[in-house]
Amino acid sequence: MPSTAIRTARINGPGLLTIVVCALLWEVLVRGGVIQYSYLPAPTAILAGLYELLSTGQLWADTAHTLQAVIMGWAIAVATGIALGLMLGVSPMLRRYSLASIEVLRPMPGIAFVPVALLLFGFSLKTELVVIVLPALWPVLINTMGGVAGVHPRLFEVGATFRLSRASVVVKIVIPAALPSILVGLRLSLTLALVLAIVAEMVGNPTGLGYAVVRDQQALRPALMFADVIVIGILGILLNQALMQLIWWLFPAASRRTRGA
Amino acid sequence: MRAFIKRMGPLLVNLPPLRGLLPLVAFLVVWQLVQPGPSPYFPGPFEWWRATLRLAHRTDLAAAFLSTATTFLLGLALAIVFGGVMGVLIGVSAFINRALHPLLEFMRAIPPPATVPVAALLIGYNEAMKLVVIVLAALWPILLNTSAAVRQIDPLLLDVARTFRLRRADTIWRITVPSVVPALLLGIRVAIPLTIILALLVEMLTSLPGIGALMIQAQRNFQSSEVYALLVLIGLFGLIVNDAFVVIETVILRSWPPRVAGT
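Residues numbered from 1 in each chain as written. Chains lettered and ligands numbered in written order. Predicted model: local features only at pLDDT ≥ 70, side-chain atom pairs only at ≥ 80, totals over all residues.

A. Just the overall build of chain A, in detail. A count of helices and strands for chain A gives 13 helices and zero strands. Ordered by position from the N terminus, the helices and strands of chain A form the series α-α-α-α-α-α-α-α-α-α-α-α-α. Judged by the C-alpha coordinates and their principal axes, chain A covers about 75 × 50 × 30 Å. Across the 261 residues that make up chain A, the buried fraction comes to 43%. Counted over contacts in chain A with a minimum sequence separation of 6, partners at least 24 positions apart contribute 74%. (Helix = DSSP H or I, 4+ residues; strand = E, 2+ residues; numbered from the N terminus. Buried ≥ 20, exposed ≤ 12 C-beta atoms within 10 Å, placed from the backbone. Contact = placed C-beta atoms within 7 Å.)

B. Inspection of the domain arrangement of chain A at higher detail. All names here are of chain A. Split by domain assignment, chain A resolves into domain 1 (1-36) and domain 2 (40-258). Taking only C-alpha atoms into account, the centre of domain 1 sits 29 Å from that of domain 2. Between domain 1 and domain 2, the contact holds eight residues from the first and eight residues from the second. Here the residues of the side of domain 1 that touches domain 2 sort into five nonpolar, one polar and two charged. (Domains from an automatic or database assignment. Nonpolar A, V, L, I, M, F, W, Y, C, P; charged D, E, K, R; others polar.)

C. Structural detail: the nonpolar core. Residue and element names in this part refer to chain A. One finds Ala193 and Val199 to be the most contacted residues of the largest nonpolar core, which totals 133 residues. Among the elements that take part in this core, helix H10 (residues 166-204) stands out by supplying 19 residues, more than any other. Excluding residues within four positions of it along the chain, Ala193 makes contact with Val70, Gly73, Trp74, Ala77, Ile132 and Ala136. (Core = buried A, V, L, I, M, F, W, Y, C linked by C-beta atoms within 7 Å.)

D. Region of the structure containing helix H11 (residues 224-254) of chain B. If you check H11(B), its first and last C-alpha atoms are 45 Å apart, about what 31 residues at 1.5 Å a residue would give, namely 45 Å. Where H11(B) is buried, its residues contact helix H7 (113-121) of chain A together with helix H3 (45-57), helix H9 (168-206) and helix H10 (211-220) of chain B. (Expected span 1.5 Å × (residues − 1).)

E. Seen up close, the interface of chain B and chain A. Tallying the contact residues gives 54 residues for chain B and 53 residues for chain A. Of all elements in the fold, only helix H1 (2-13), helix H2 (22-34), helix H5 (94-109), helix H6 (115-123), H9, H10 and H11 of chain B reach the threshold of two or more residues within the side of chain B that touches chain A. Across the side of chain B that touches chain A, the residue classes break down as 44 nonpolar, seven polar and three charged.

F. Focus on unusual backbone geometry. The backbone phi angle of Leu220(A) is positive, close to 55°, even though this residue is not glycine. If you check the backbone angles, Arg165(B) has positive phi at about 50° while not being a glycine. Assignment of secondary structure puts Arg165(B) in the loop between helix H8 (155-163) and H9. Classification of Arg165(B) as exposed rests on a count of 7 C-beta atoms within 10 Å.

G. Summary view of the environment of Gln35(B). Residue and element names in this part refer to chain B. Among the structural elements, Gln35 can be located in the loop between H2 and H3. With 15 C-beta atoms packed within 10 Å, Gln35 lands in the partly exposed category. A C-alpha to C-alpha distance of 9.4 Å links Gln35 and Pro45, two positions 10 residues apart in sequence. Filtering out sequence-adjacent residues up to four positions away, Gln35 remains in contact with Phe42 and Gly44.

H. View of the packing of helix H12 (residues 222-250) of chain A against H6(B). Look at H12(A) against H6(B): their axes get within 10 Å of each other, and the N-to-C directions meet at 150°. As far as their axial angle goes, H6(B) and H12(A) are roughly antiparallel. Relative to H6(B), H12(A) is oriented so that their crossing is left-handed. Residues Pro222(A), Met225(A), Phe226(A) and Val229(A) of H12(A) pack against Pro117(B), Val118(B) and Leu121(B) of H6(B). By residue class, the composition of the contact of H12(A) with H6(B) is seven nonpolar, no polar and no charged. (Axes fitted to C-alpha atoms, helices over the stretch in contact; angles between N-to-C directions. Parallel < 35°, antiparallel > 145°, perpendicular 65-115°, else oblique. Left-handed = near helix turned anticlockwise from the far one by under 90°.)

Structure, rendered in structure tokens:
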């Protein structure tokens, strides 16, 4: 079932009420001067900030940049991750001789690459891509490898019976069987890619939504800053939904087995 | 997410054979050999070692490391407490779940790094801010895993509680809490890398003392070998913490569910 459409269509009364009550309480407390934070804007002020961002067009430019970095970085990570994952999944020998290296590199916090990338590429999109690709690679690689290694041996026997070549075994048997697992990797990786793009823009390349948050913070414009953060949150939700929808269109069967993971 | 971790389980528990380190070692050796003199961008691994010694000599290394590690541990502990308690409450009550679900979904969707400037502006540049940011990020995997596990408790167990006429609080304490421990541990495993990343990011952005601050400082001074040295250090830290937690998890789960005498 196209879960996303149905889930949003069902209206959650108590859930909406909670959000409205929280926002109202926030508004009243800030306007009434009960909360003494000088930089906490009321929700209405944040909405006004959002409107200001939308009307100046700055928001669109920032969003476009971040989106571009996320999608480019994600695409590179996915292509590399699936290729390496397939190789490692198909060959137990290769796996034995490289798994420990992967396990040593994998826990490296992605953000630690920011200074290295900055040294090499300066304030550029390349810096951002390095910071996105290296960490976003792992979920795809590990899931592809795990999915391929977990393909039932009988399926390989079927391939042998049909005298399929090694290449067609991979294309016709291995990839379809590992697809649900690979798709989980793609989703994890996309979420990571957005987080890392924001990080890279905050510390490295000064453009995009990540930089917008820092810029508005340093300009002491909290309403704009909150609006930036909300836009980032919405972008994250939309990206995830778009990917789910795409997966649903392209691989309906696999997407059913992927859900909930 | 959980299927992913489950699949990782055996890989990590039976740590992969050491010969798998071969490609990494070969890569570093080639790097060193290709590198005849000091390079501004790709200093060889020996240079990293010398930079580590230099950093240690300036004595700020141990303190910075301690500061990052303390923040990491405190943040993780707070996230476990909040995430565990909220997860159980949300899982136990369908109404609380329904009421909080949309709000929590939205908060979870906000990439944690974006909360750093917000927290800095509201709370200021101090330890409390570091912890708030980290807890806000590390909370979700723990909370969601726990509440999902509460909902998947075998109904038979709850029937047993009803048969014994246990009070609601007793049911939660004796049945719900022990049943969610494995899921809680999974959540913590996901939260650990997030916690390390956030600790470093806060330090990079705010220059609060720590490894992150040292890294960004080294980068600004174009001390590339120091940058690589710190990268290796933080990588080792991540590796040790991850492996240590896998061991802890294996030990706890080996005797789970806890056997009561006489059963």
